[in-house]
Amino acid sequence: MIVPTNALFKHAYGKYAIGAYNINNLEQTMGLFQGNLQSKAPFIIQISKGARSYTHKKMLEAMLKTADEIFPDAVFAVHLDHGDEATCLDCIKSGLYSSIMIDASHESYDKNVEITKRVVDAGHAKGLSVEAELGQLKGIEEDIKADDHVFTRPDEAVDFVKKTGCDSLACAIGTSHGAFKFKGAQKLKFDILEAIQKLMPGFPLVMHGSSSVPEDEVRRINYFGGAMKDAKGVDENSFALAAKLGVTKINIDTDGRLVWTRVHREYFALYPENFDLRPVGKVFMAEYARFIANKNKKLASAGQLDAVREFCKASKK
Ligand SMILES: [Zn+2]
């Protein structure tokens, strides 16, 4: 059942966070649905611009419609990850998406407000909720510097939400995209979330770049020929605190790629005579499902499925 992202947020707020997982292909999609059903968790499927052009946006959309049919017990939202204005408008038109993200965080504050407001108005007109971003996450392999201006400023966040009408906000608190998030110990600025929550109680916050980059996955990738040095991610044990501070959506993309890379490197190293794509695909789907189920336990979304289904049905009436 595809549900409004806002309904998921309402149910989760202050108690747990919903896992937002990116998909690009069929095997990821199958593993994702299986893992969420195994752990009885609601979830958000994220589609990035890159995923939309990897095969074809319509291929992805058809796949999700079919997944909704063959997994009738699943409760999920479909979300555009890091959209520009044109992509947001295209997703609004498609009719499949529950929500979209407009990322104009690289623009000036005023420009970010202006673009976000336009997308929010267009999204709300069609019943979609809109995530926006304020502050900037560092990219892959960059040091996280404590420059105040890259972090989200709580007072600015309040002004931004008031001016744009966005439904949720991605905050920069020290996470980054990719597999190389920290040099040395993890430093996340939970005080920013705390301050925003005080100013806007009940308003859903989003954490991007929150893969944990498990040491074991990286070790196995490197053992079978990979070269990922100094990879480091977010401590999964910090999810509970984030959820308490108003984070309702935690984005996980890199970890899924690591599982894919580990499974394929290992499989073809151990079975060098094999050239059939299906046996390894089956291993990946099962391993990805296991990974998702474990992640949902850390997010505390595991076990919430039945309650969320009832909640969404009741709020539709
Ligand atoms: Zn992101």
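Residues numbered from 1 in each chain as written. Predicted model: local features only at pLDDT ≥ 70, side-chain atom pairs only at ≥ 80, totals over all residues. Heavy atoms only, no water.

### Considering the packing of aromatic side chains
No. 1: Counting across every chain of the model gives ten aromatic pairs.
No. 2: With 5.9 Å between their ring centres and 15° between their planes, Tyr288 and Phe291 make a pair best called stacked. Separated by three residues within a single helix, Tyr288 and Phe291 lie in helix α12 (residues 277-299), roughly one turn from each other.
No. 3: A residue is classified by how much of its surface remains accessible, and Tyr288, at 1% relative accessible area, is buried.
No. 4: Classification of Phe291 as buried rests on a relative accessible area of 11%.
No. 5: Counting every residue linked through ring pairs, the aromatic cluster contains Phe33, Phe43, Phe71 and Phe76.
No. 6: Sitting over the ring of Phe151, Lys189 keeps its end group 5.5 Å from the ring centre. (Phe/Tyr/Trp six-rings, centres within 6.5 Å; stacked < 30°, edge-to-face > 60°. Helix = DSSP H or I, 4+ residues; strand = E, 2+ residues; numbered from the N terminus. Buried < 20%, exposed > 50% of the residue type's maximum accessible area, 1.4 Å probe, protein only. Lys NZ or Arg CZ within 6 Å of the ring centre and 35° of its normal.)

### Topic: the environment of Ile192
No. 1: Residue placement: Ile192 occurs in helix α8 (residues 190-199).
No. 2: Along the chain, Ile192 and Pro154 lie 38 residues apart, while their C-alpha atoms are 6.4 Å from each other.
No. 3: When neighbours within four sequence positions are excluded, Ile192 is seen to be in contact with Phe151, Thr152, Pro154, Ala172 and Ile173. (Contact = heavy atoms within 4.5 Å.)

### Description of helix α6 (residues 109-125)
No. 1: For α6, built from 17 residues, the straight-helix expectation of 24 Å at 1.5 Å per residue is met to within 8% by its first-to-last C-alpha distance of 24 Å.
No. 2: Listed as buried for α6 are Asn112, Val113, Ile115, Thr116, Val119, Val120 and Gly123.
No. 3: Buried residues along α6 sit in contact with α5 (85-94), β4 (99-102), β5 (129-134) and α7 (154-164).
No. 4: Of the residues one or two after α6, Gly127 is the one with positive phi, at around 85°. (Expected span 1.5 Å × (residues − 1).)

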